[in-house]
Amino acid sequence: MTFVGLDPDRAGALADRLDEAARDLDARAGSVAVLLVQAGISSSTAPAELRDVAAWAAYRSRDLRRRIDQVVAADHIGAGPRAPGFRFATGKGAADAAHDVADKLAEIAKNGDKKALDAELRAIAPYLSDVRFASALFKRLGPKRMLELLSAAQGRPGVAVLGGALAAAHASKTISDKFLDGILEAAAKRAAAVDAYMHPYGAVSERDRASVALDEYMHRAGSPPGTYKVLESTAPLVPYLEAGTRVAIIGGAVVIVAGAGACVVLSEGTCLGPAAALAEQGAVVFSSEDPSLATGLFETLPLSLEDEATFSRFLESVRAALPSFQGGAIRGSSATGVKWVTGEPFDDASDIDLAIVVDQLFTKAEELGIKFRSGGGRTPPLQPADIDALGLTDVVTELSEIAGHPVKFMLYRSMDDIVARGPAILLPKA
Amino acid sequence: MKYYDLYGTRVMSAGNLAGAVASVLGISFNARDSQFVGPYFHAASGDEILDIELNDFPDRDEDELLEPDFADYQVLLRVSRTERADEIRNRLGEIPGLDHLRRKTLE
């Protein structure tokens, strides 16, 4: 792959060294001339040859600076300080190269050749610093193929390369909000398609939908290749996202926030189904192989329960204590990795927030006079008096011991009421 | 018989109340965080549990008062599972601006 262009910063450094060499050669030519005179030698051309080389170096430096000026002048994209890195000599050169690369990348992503994808992304990484190349590449791909490319790069270092270039292109306004919306829309459609595939006979009941997500959650091997996460609420991401930023690298993951999210859930690419009421905002997350963000947001198991044996014990304890357990979810920082208010990571002072659906308990709570919230969809957080009156004391103690953190309970009317509240890691019923 | 007392203050911050309660009862509180409850202070001694919570905390996941019947109390103190509720109530009476709001009992 050969592209015509240069990195202005590196080329500028090279020009500086050429200037320095020219000055040094000139000085040495003078010294040599003096020594030759002192030695009585008048026929030597060495000083002149040294000066010729110095003149050549000075010429190359001037020529290089002219080329740098041309490249920088041709790079009109964006305001403010120029981003470092490679620049194509012309916008047309950038666009032509981008089109070739886009078609190649799309083909590789389609074939699922991970090694080839890694190699190609590694090869183009230096050129993505030219936003003209990056934006032409993304436009050529379009939102749908961009989603496919990001999905194919999921779990690999290349996803951050793409995300960084996408963020830069969006910041320079060469990629629009509409493009990002298109990626999320494509993600939601794909997730919905997975859901439809698993439910070919039409509408899926709430409980069935929940179980699909839970099955997917418990058996991640069944996830389609190149999965990604669709979050129905961006609230946990807010501390990380600057105002107006809609695509960002958070930890090692690419997060794209869009204004037209249409997917409710959220477990390894599985979508519980469109929910118009929740369609105000959405996000799609593509994690790289080594996300440095706390794992809760991007991994399946809750923090403090991330070891599968511990999580299984936790789940079995819930099921054993609550035989009519209909499902539940862990919410809060254990699920998202960050505290709701401050954005700080989950830590020793964090509780496990457990939302559960148990009809009998819900009815009993009503009989006890616990005032429901959210239109009757849930209780307030249960206080020790409520916990004891509902007969939950032992299970709360047991779960807190397993998790190593206090467990707070909230009773919900249904799984839909739970998932409507925001990001959650779902707990399947038996 | 276990007692569950709810106290409230209109004049003290949660941190100040934690300091005052710790002083009169000889206990220590830990700062904790829950998305359901918001930031709160917690102390435990045997079966007894004391929690200091913000009644109205706009950044809580669920935008609501924890105790809507006591909306004018910004900071709440819950003393739960105690068998010496009256003794504790007497000692907490030393804290100006802290009102006893409700008592529940369980056999």
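Enquirer: Please explain the overall build of chain A as it appears in this structure.
Expert: When helices and strands are counted, chain A shows 14 helices and ten strands. Per-residue burial over chain A gives 46% buried out of 430 residues. Within chain A, contacts between residues at least 6 apart in sequence are counted, and of these 78% link residues at least 24 apart.

Enquirer: Which parts of the structure should I look at to understand the environment of E120 of chain A?
Expert: All names here are of chain A. For E120, the position within the fold is in helix α4 (residues 114-124). Its 19 C-beta neighbours within 10 Å are what place E120 among the partly exposed residues. A sequence separation of 15 residues divides E120 from L105, and the C-alpha atoms of the two residues are 7.3 Å apart. Apart from residues no more than four positions distant in its own chain, E120 is found in contact with K104, L105 and I108.

Enquirer: How should I be thinking about the environment of D100 of chain A in this particular structure?
Expert: All names here are of chain A. Among the structural elements, D100 can be located in helix α3 (residues 91-111). Overall, the presence of 13 C-beta atoms within 10 Å leaves D100 in the partly exposed class. Remark: the alpha-carbon pair of D100 and R140, spanning 40 residues in sequence, is separated by 9.4 Å.

Enquirer: So what exactly am I meant to see when it comes to the sheet that holds strand β4 (residues 48-54) of chain B here?
Expert: Hydrogen bonding along the main chain pairs the strands of a sheet, whether they run parallel or antiparallel. Residue and element names in this part refer to chain B. If you walk across this open sheet you meet the six strands as β2-β3-β4-β5-β1-β6, and the pairing is antiparallel. What marks the edges here is a single partner per strand, and that holds for β2 (30-34) and β6 (98-106). Ignoring strand direction, the axes of neighbouring strands in this sheet form an average angle of 25 degrees. Summarising the sheet, strand β3 (residues 38-45) and β4 pair through six bridges and their orientation is antiparallel. In the sheet register, Y40 faces β4, and the bridge partner there is E53. Against the sheet, helix α1 (residues 14-25) engages β1 (2-9), β3, β4, β5 (75-82) and β6, with an angle of about 155 degrees to β4.

Enquirer: Help me out: how do you make sense of the sheet that holds strand β10 (residues 425-427) of chain A in this one?
Expert: Residues and elements named next belong to chain A. Strand order in the open sheet formed by four strands is β9-β8-β7-β10, with mixed pairing between adjacent strands. Both edges of this open sheet fall to β9 (407-411) and β10, since each of them pairs with a single strand only. Mean inter-strand twist for the sheet, computed between neighbouring axes without regard to direction, equals 25 degrees.

Enquirer: Any chance you could explain the interface of chain A and chain B here in plain terms?
Expert: Bring the parts together and some accessible area is lost; that lost area is often taken as the interface size. Contacts between the two partners involve 22 residues from chain A, matched on the other side by 20 residues from chain B. For the side of chain A that touches chain B, the elements supplying multiple residues, two or more each, are α12 (384-389) and β9 of chain A. Ranked by residues supplied to the side of chain A that touches chain B, first place goes to α12 of chain A with four residues. Split into classes, the residues belonging to the side of chain A that touches chain B amount to ten nonpolar, five polar and seven charged.

Enquirer: Before we go on, may I ask you to explain the nonpolar core in this structure?
Expert: Grouped burial of nonpolar side chains is what soluble globular proteins tend to show. Core analysis: the biggest nonpolar cluster contains 66 residues, and I356, F409 and L411 of chain A together with L17, I52 and L77 of chain B have the highest contact counts within it. Ranked by residue count, the leading element in this core is helix α13 (residues 393-403) of chain A, at five residues. With residues up to four places along the chain from it excluded, the contact list for F409 of chain A reads L354, I356, L382, I387, L392 and V396 of chain A. Ranked by size, the runner-up nonpolar core spans 46 residues in total, among them F133, A152, A160 and A167 of chain A.

Enquirer: Got a minute to help me understand unusual backbone geometry in this structure?
Expert: Working note: non-glycine residues mostly have negative phi, and peptide bonds are mostly trans. Residues and elements named next belong to chain A. For K173, which is not a glycine, the phi torsion comes out positive at approximately 70 degrees. Relative to the elements of secondary structure, K173 occurs in the loop between α6 (158-171) and α7 (177-198). For K173, a count of 13 C-beta atoms within 10 Å corresponds to the partly exposed category.

Enquirer: When you look at helix α1 (residues 8-38) of chain A in this model, what are you seeing that I'm missing?
Expert: Turn by turn, an α-helix covers 3.6 residues, leaving residues three or four places apart pointing in a common direction. Residues and elements named next belong to chain A. Along its 31 residues, α1 runs 45 Å from first to last C-alpha, staying within 8% of the 45 Å computed at 1.5 Å per residue. Within α1, the full set of buried residues consists of P8, A15, L18, A22 and L25. G40 occupies a position one or two residues after α1 and carries a positive phi of about 75 degrees.

Enquirer: Would you mind showing me how to read the packing of helix α5 (residues 131-153) of chain A against α6 of chain A here?
Expert: For any two helices packed against each other, the geometry comes down to the angle between their axes and how far apart the axes lie. Residues and elements named next belong to chain A. It is the contact of α5 with α6, at a shortest axis distance of 10 Å, that shows an interaxial angle of 135 degrees. When the axes of α5 and α6 are compared, the pair comes out oblique. Between α5 and α6 lies a crossing of left-handed hand. Between α5 and α6, the residues in contact are V131, A134, S135, F138, L149, L150 and A153 and G158, V159, L162, A165, L166, A168 and A169, respectively. Partitioning the contact of α5 with α6 into residue classes produces twelve nonpolar, two polar and no charged.

Enquirer: What is the right way to read the confidence of the model for chain A from this model?
Expert: Low-confidence regions, as indicated by low pLDDT, have predicted coordinates that should not be scrutinised in detail. All names here are of chain A. Across chain A, the average pLDDT comes to 73, with 67% of residues at or above 70. At the low end of the mean pLDDT range in chain A sits helix α8 (residues 206-218), at 38; at the high end sits α12, at 96. Note on residues 259-281: pLDDT is under 50 here. Beyond four places in sequence and across chains, it has 84 contacts. Segment residues 289-299: pLDDT under 50, and 39 contacts once partners within four positions in sequence are set aside and those in other chains are kept.

Definitions and limits used
Residues numbered from 1 in each chain as written. Chains lettered and ligands numbered in written order. Predicted model: local features only at pLDDT ≥ 70, side-chain atom pairs only at ≥ 80, totals over all residues. Helix = DSSP H or I, 4+ residues; strand = E, 2+ residues; numbered from the N terminus. Buried ≥ 20, exposed ≤ 12 C-beta atoms within 10 Å, placed from the backbone. Contact = placed C-beta atoms within 7 Å. Pairing = 2+ DSSP bridges. Axes fitted to C-alpha atoms, helices over the stretch in contact; angles between N-to-C directions. Nonpolar A, V, L, I, M, F, W, Y, C, P; charged D, E, K, R; others polar. Core = buried A, V, L, I, M, F, W, Y, C linked by C-beta atoms within 7 Å. Expected span 1.5 Å × (residues − 1). Parallel < 35°, antiparallel > 145°, perpendicular 65-115°, else oblique. Left-handed = near helix turned anticlockwise from the far one by under 90°. pLDDT = per-residue confidence, 0-100.

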